Amino acid sequence: MITVNGLRKRFGATSALDGMTFTVRPGQVTGFVGPNGAGKSTTMRVVLDLDAADAGEALVAGRPYRTLRNPLRHIGSLLDAAALQPGRTARNHLLWLAHSQGLGARRVDEVLDQAGLLSVARRRAGGFSLGMRQRLGIAAALLGDPPALMLDEPFNGMDPEGIIWMRRFLRALAAEGRAVLVSSHLMSELQDTADHVVVAGRGKVIADASVAELLATVSGGRITVRSSTADAAVVLAEAGASVTPAGDGTLTVAGLPAETVVALLNRHGVPFSELAAHRATLEDAYLELTRDSVEYRAATPGEVR
Ligand SMILES: Nc1ncnc2c1ncn2[C@@H]1O[C@H](COP(=O)(O)OP(=O)(O)OP(=O)(O)O)[C@@H](O)[C@H]1O
């Protein structure tokens, strides 16, 4: 279990953390998302005692990281996949890390296998693609067989096949009972992967909920209607619904139950070819939650701000 409680951290005039508080529970993949500068990396660095917080505490298995005797056995982390000696082979990189923690070569070969790197184990890591470096970083994080894992943007630089592999791998690690924290810019990467999501904005948590809860909140009973005539929007709006054109002849309708929408359209003889409950994606949930927390946003042409 990883717990962060009331973390505050300033870098000069910048407030990087402003009361960051959440818990990463065993047996779950917890997604940690938020716009650039939300404080995700700083939080992870504080957990690993690489940065000191001005206030608050971060605990791994109930203890501050610096008090753990063999930290790799308690928490594995991947913060920067590029941080390795380019001249070392993948296996030697891991042997060096394992040695520093009193772990043997057998464990190194196990994690190389788990991360799908056995065939390139004797190649220099400097020649690895970013995706392969991510795998090597994961292998390193697993060396001590830790009950908690913390991975900063592990999907970065991965090709579609790598992303599928990573999703399955993270799910399997959680299924083994580990607490897995995974940061990402892209909520969509976490769909079908995370059980729980912590959304950060401006140094604090703005949502902390199960994926099912988040999706239910955002779906909010909306209905998608596809109709070839403009009458559908008129009829439904007159009945008190809020109607938003979603392009391609579809309307997003809120404020009326699906049965009423069907009855109204039938009564007015308005043809429709599709009517479905609107299924929000994690990306929708994320955009709605972070609308006010984005530090830098490009203006959309024609948008009035
Ligand atoms: N060493 C540092 N010196 C000065 N400012 C920093 C430092 N590290 C982080 N910051 C600032 O703290 C804020 C939080 O940064 P952080 O990297 O934790 O955010 P993040 O959510 O990980 O963002 P990203 O998704 O871009 O990686 C940002 O405004 C950043 O510029």
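- An unreviewed UniProt entry annotates the protein as ATP-binding cassette domain-containing protein of Actinomadura alba.
- UniProt annotates the protein under Sequence similarities (unreviewed entry) with the comment "Belongs to the ABC transporter superfamily."

## Describing the nonpolar core
Within soluble globular proteins, side chains that are nonpolar tend to cluster in buried spots.
Okay, so step 1: In terms of nonpolar packing, the biggest core is built from 69 residues, with L94, L136, A139, M150 and V180 touching the most fellow members.
Okay, so step 2: Among the elements that line this core, the one with the most residues is helix α4 (residues 130–142), at seven residues.
Okay, so step 3: With 10 residues, the next largest nonpolar core counts V225, L236, V243 and L251 among its residues.

## Structural notes on the site of the ligand
Okay, so step 1: Within the structure, the ligand sits among F11, T14, A16, G34, N36, G37, A38, G39, K40, S41, T42 and H185.
Okay, so step 2: Here the shell around the ligand gets three residues from one element, more than from any other, and that element is helix α1 (residues 40–47).
Okay, so step 3: Of the residues in the shell around the ligand, the class split is three nonpolar, eight polar and one charged.

## Brief notes about the sheet that holds strand β2 (residues 14–24)
Okay, so step 1: On the basis of which strands lie adjacent, the open sheet formed by three strands has the order β2-β1-β4 and antiparallel pairing. Sheet topology places β2 and β4 (55–60) at the edges, where each strand pairs with a single neighbour. For this sheet the average axis-to-axis angle between neighbouring strands, irrespective of direction, equals 20°.
Okay, so step 2: For strand β1 (residues 2–11) and β2, the ladder comprises eight bridges, and the chain directions are antiparallel. Across the sheet, V4 pairs through a bridge with F22, a residue of β2.
Okay, so step 3: Across the sheet, α1 is in contact with β1, β2 and β4; its angle to β1 comes to roughly 115°.

## Topic: the domain arrangement of the protein
Okay, so step 1: Taken domain by domain, the protein comprises domain 1 (2–216) and domain 2 (221–279).
Okay, so step 2: Using only C-alpha atoms to locate each centre, domain 1 and domain 2 end up separated by 44 Å.

## Side note on helix α3 (residues 105–114)
Okay, so step 1: Those residues of α3 lying buried are V108, V111 and L112. When α3 is viewed along its axis, its buried side chains cluster within an angular range of 105° and face the same direction. Exposed side of α3, more than 90 degrees from the buried face: R106 and D113 are the residues found there.
Okay, so step 2: Buried residues along α3 sit in contact with α2 (90–100) and α4.
Okay, so step 3: Positive phi appears at G116, one or two residues downstream of α3, with a value of about 70°.

## With respect to the sheet that holds strand β10 (residues 223–226)
Okay, so step 1: Taken in spatial order, the four strands of this open sheet run β11-β12-β10-β13, and their pairing is antiparallel. Only two strands of the sheet have a single partner each, and these edge strands are β11 (242–247) and β13 (274–277). Strand-to-strand twist across the sheet, computed as the mean angle between neighbouring axes with direction ignored, equals 25°.
Okay, so step 2: The sheet contact formed by β10 and strand β12 (residues 250–254) spans four bridges and is antiparallel. Across the sheet, residue R226 finds its bridge partner in β12, namely T250.
Okay, so step 3: Packing of helix α9 (residues 258–267) onto the sheet brings it into contact with β10, β12 and β13, and relative to β13 it is tilted by some 165°.

## Topic: the packing of helix α8 (residues 231–238) against α9
Okay, so step 1: Relative to each other, α8 and α9 sit at 120°, their axes nearing to 10 Å. With respect to α9, the element α8 is oriented oblique. As α8 packs across α9, the resulting crossing turns out to be right-handed. Residues A232, V235 and L236 of α8 lie in contact with α9, whose contacting residues are V261, L264 and L265.
Okay, so step 2: Taken together, the residues of the contact of α8 with α9 sort by class into six nonpolar, no polar and no charged.

## With respect to the environment of V211
Okay, so step 1: The topology assignment puts V211 in helix α7 (residues 211–219).
Okay, so step 2: When the C-alpha atoms of V211 and T281 are compared, they prove to be 9.8 Å apart, with 70 residues separating the residues in sequence.
Okay, so step 3: Setting aside anything within four residues of it in sequence, one finds V211 in contact with A194, D195, H196, V197 and L282.

## A word on unusual backbone geometry
Okay, so step 1: Although it is not a glycine, A61 adopts a positive phi angle of roughly 50°.
Okay, so step 2: In this fold, A61 is placed in the loop between β4 and β5 (75–78).
Okay, so step 3: Here D145, not a glycine, exhibits a phi torsion of approximately 50°, which is positive.
Okay, so step 4: Residue placement: D145 occurs in the loop between α4 and β6 (148–152).
Okay, so step 5: By C-beta crowding, D145 is classed as partly exposed, having 14 other C-beta atoms within 10 Å.

Thresholds, definitions, all that
Residues numbered from 1 in each chain as written. Predicted model: local features only at pLDDT ≥ 70, side-chain atom pairs only at ≥ 80, totals over all residues. UniProt positions renumbered as here; feature names shortened; annotations may be inferred. Core = buried A, V, L, I, M, F, W, Y, C linked by C-beta atoms within 7 Å. Buried ≥ 20, exposed ≤ 12 C-beta atoms within 10 Å, placed from the backbone. Helix = DSSP H or I, 4+ residues; strand = E, 2+ residues; numbered from the N terminus. Near = placed C-beta within 6 Å. Nonpolar A, V, L, I, M, F, W, Y, C, P; charged D, E, K, R; others polar. Pairing = 2+ DSSP bridges. Axes fitted to C-alpha atoms, helices over the stretch in contact; angles between N-to-C directions. Contact = placed C-beta atoms within 7 Å. Domains from an automatic or database assignment. Arc of directions from axis to C-beta. Parallel < 35°, antiparallel > 145°, perpendicular 65-115°, else oblique. Left-handed = near helix turned anticlockwise from the far one by under 90°.

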